Amino acid sequence: MAIKYNVSYTENTEKKQILDKFKDEIKAGAKYKVVRGKPYNHIYILVKTD
């Protein structure tokens, strides 16, 4: 099973806060992708659970 997160942000400080919140999942092997857009940027995080 997998959990997908789609998080929007506008400033780089928000990006840092988002990645800090999910740092444990990212260290455990979760994949993430940063997509730049206008007016919002997005971070897609895929966490696989067993």
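Everything discussed here concerns the structure shown above.
Not measured: the values here are computed from a predicted model. (Residues numbered from 1 in each chain as written. Predicted model: local features only at pLDDT ≥ 70, side-chain atom pairs only at ≥ 80, totals over all residues. Heavy atoms only, no water.)

*Asks:* What is the right way to look at the overall build of the protein chain in this model?
*Replies:* When you go through the protein chain residue by residue, the secondary structure sums to 2 helices and 3 strands. Projected onto the principal axes, the alpha-carbon positions of the protein chain cover approximately 35 × 15 × 10 Å. Counting only residues that meet the buried cut, the protein chain has 16% of its 50 residues in that class. Look at the contacts in the protein chain between residues 6 or more apart in sequence, and 58% of them connect residues 24 or more apart. Here the protein chain has roughly 4,300 Å² of accessible surface; of this, 50% comes from carbon and sulfur atoms. In the protein chain, 11 side chains carry a positive charge and 6 a negative one; their mean positions are 7 Å apart. (Helix = DSSP H or I, 4+ residues; strand = E, 2+ residues; numbered from the N terminus. Buried < 20%, exposed > 50% of the residue type's maximum accessible area, 1.4 Å probe, protein only. Contact = heavy atoms within 4.5 Å. Areas by Shrake-Rupley, 256 points an atom, 1.4 Å probe, with all protein chains shown as cover. Lys, Arg positive; Asp, Glu negative; His and termini not counted. Charge placed at Lys NZ, Arg CZ, Asp CG, Glu CD.)

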